[in-house]
Amino acid sequence: MSNESYRFKIGAIECIAVSDGTFAYAPDAFIANAPVERFEQELRDHNLPTNEVISPYTCLLVNTGKHRLLVDTGAGFAPTNGKLIDNLAAVGVAAADIDTIVLTHGHADHIGGAADSTGAPLFPNARYVMWQSEWEFWNQEHPDLAAMPVDDHLRHLLIDFAHAKLPPIRSQIELIDREGEIVPAVYAIPAPGHTPGHIALLISSGNQQLLHMADTVLHPILMEHPEWRPSFDLMPDQAAATKRQILDRAAVDQALALAFHFPFPGLGRVLPKGDAWQWQPIEMFDQARESRAAGE
Ligand SMILES: [Zn+2]
């Protein structure tokens, strides 16, 4: 499995998880309402480094046969990200081939690839789809991020990116305000809280489904600690309610799930665990299934 792309199918639909890269966050800036020592202990228990939290940025290419749809456009604010266009080219897809782009929300790591540094749109033939209140929030002159316990540098980065990357796609945007079909087989699900108009997606074909959770959960550890509030959620109570709702749905449906910031390719299943949940990455069961099929 490449670290940059991963192909899989949902029924008749071809999907490719495509990496935009990663970014490293400071552990003491990640969780707003738990002592950093507790988070570091969890990182240690998961055999992860404790000096930084490496967060992958994973976009999703969906080929329905009729449409080539991309979920999110990556970041491009650090040398470790902004690799989406190159990684799409590596799987034979040019930016001009994309006809539909869903922006799950207006954060820099999801909209950064929409335009280049001169303000030229990078996906010239795409219709963009975004939740209406999300578009309106970020296009305000002064989006109010005071409720996010993050440093001013990050606040300014988020606002600067929204103001630089969203206006160039104004003529391409289609705003939605209700749950429903974006293109056949791809459905928008409101999932507010991380941001005002954050959305998840359901991709459905045959008897298979993918629940794209976007930024509903930002780290696998937060499935086991749903009471922990990530510093990047703007409306924490609503985000917590949405998280419970989406994780319950994924667990009950036993759906394949995708989380934008989970270890690449961000695919797995949500297992119930006590009052919380646990993440089972796709490699674990797919490799087991493949080796069983191979008679190993
Ligand atoms: Zn994000």
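What you see is a predicted model, and the numbers here were worked out from it, not measured in a lab. (Residues numbered from 1 in each chain as written. Predicted model: local features only at pLDDT ≥ 70, side-chain atom pairs only at ≥ 80, totals over all residues. Heavy atoms only, no water.)

Peer 1: Outline the overall build of the chain, listing residues and values.
Peer 2: Per the secondary structure count, the chain includes eight helices and 14 strands. What you see for the chain is a C-alpha radius of gyration of 18 Å, in line with the 19 Å of a compact globule of 296 residues. Across its three principal directions, the C-alpha atoms of the chain cover 50 × 45 × 35 Å. By element, 49% of the accessible surface of the chain is carried by carbon and sulfur atoms, the whole surface being about 12,800 Å². Side-chain charges of the chain comprise 20 positive and 38 negative groups, with the mean position of each set lying 6 Å from the other. (Helix = DSSP H or I, 4+ residues; strand = E, 2+ residues; numbered from the N terminus. Rg over C-alpha atoms; globule rule 2.2 N^0.38 Å. Areas by Shrake-Rupley, 256 points an atom, 1.4 Å probe, with all protein chains shown as cover. Lys, Arg positive; Asp, Glu negative; His and termini not counted. Charge placed at Lys NZ, Arg CZ, Asp CG, Glu CD.)

Peer 1: Describe unusual backbone geometry, and please don't skip the residues or the numbers.
Peer 2: Residue F264 is joined to P265 through a cis peptide bond whose omega torsion reads 10 degrees. Within the element layout of this structure, P265 appears in the loop between β12 (256-259) and β13 (267-273). Look at A185: it is not a glycine, yet its phi comes out positive at around 90 degrees. Examined against the element boundaries, A185 turns out to sit in the loop between β8 (180-183) and β9 (186-190). For A185, a relative accessible area of 15% corresponds to the buried category. A positive phi angle is found at A214, which is not glycine, with a value near 50 degrees. Of note, A214 is situated in strand β11 (residues 208-214). Judged by its relative accessible area of 0%, A214 is buried. (Buried < 20%, exposed > 50% of the residue type's maximum accessible area, 1.4 Å probe, protein only.)

Peer 1: Go over the nonpolar core, please, and point to the residues and values.
Peer 2: Ranked by internal contacts, the top residues of the largest apolar core, which has 71 residues, are F30, F123, Y128, L166, M213, M223 and V270. With six residues, the top contributor of residues to this core is helix α5 (residues 152-165). Setting aside anything within four residues of it in sequence, one finds F123 in contact with L70, T73, L84, I85, L88, A95, I98, I101, G113, A114, Y128 and Q172. The next biggest cluster of nonpolar side chains, apart from the first, holds 28 residues, and it includes C15, V62, I182 and V183. (Core = buried A, V, L, I, M, F, W, Y, C linked by side-chain atoms within 4.5 Å. Contact = heavy atoms within 4.5 Å.)

Peer 1: Account for the sheet that holds strand β10 (residues 199-205), naming residues and giving values.
Peer 2: Taken in spatial order, the seven strands make up an open sheet running β8-β9-β10-β11-β12-β13-β14, and their pairing is mixed. Either end of the sheet is taken by a strand with one partner, and the two such strands are β8 and β14 (276-281). Direction aside, neighbouring strands of the sheet carry axes that sit 35 degrees apart on average. As paired strands, β11 and β12 are joined by four bridges and run parallel to one another. Paired with L210 across the two strands is L256, which belongs to β12. (Pairing = 2+ DSSP bridges. Axes fitted to C-alpha atoms, helices over the stretch in contact; angles between N-to-C directions.)

Peer 1: Can you lay out the coordination of the zinc ion for me, pointing to particular residues and giving the numbers?
Peer 2: Here the zinc ion is held by the protein donor atoms D109 (OD), H110 (NE2), D215 (OD) and H261 (NE2), which lie 2.0 to 2.2 Å from it. Coordination at the zinc ion is irregular: its four donor atoms span angles of 86 to 169 degrees at the metal. Sequence spacing among the residues donating to the zinc ion works out to D-H-x104-D-x45-H. Separated by 151 residues along the polypeptide, H110 in helix α3 (residues 108-111) and H261 in the loop between β12 and β13 bring together distant segments of the chain. Under the relative-accessibility criterion, H110 is labelled buried at 0%. The exposure class assigned to H261 is buried, which follows from its relative accessible area of 6%. (Donors = N, O, S within 2.8 Å, 3.2 Å for Na, K, Ca; no water. Tetrahedral: all angles 85-135°; square planar, octahedral: opposite > 155°, others 65-115°.)

Peer 1: I'd like a description of the environment of I159, backed by residues and values.
Peer 2: Within the secondary structure, I159 sits in helix α5. Separated by 21 residues in sequence, I159 and W138 have C-alpha atoms that sit 7.2 Å apart. In contact with I159, other than residues within four places in its own chain, are W138, P143 and L145.

Peer 1: Give a description of the pattern of salt bridges that names residues and reports values.
Peer 2: Summed over all chains, the structure comprises four salt bridges. A salt bridge links E174 to R127; the nearest nitrogen and oxygen atoms lie 2.6 Å apart. Remark: R127 occurs in strand β6 (residues 127-131) and E174 occurs in strand β7 (residues 173-176); sequence separation between them is 47 residues. For R127, a relative accessible area of 25% translates into the label partly exposed. Linking D152 and R155 is a salt bridge whose minimum nitrogen-to-oxygen distance equals 2.9 Å. Linking D152 with R155, this pair stays in helix α5, spanning three residues, or about one helical turn. (Salt bridge = Lys/Arg side-chain N within 4 Å of Asp/Glu carboxyl O.)

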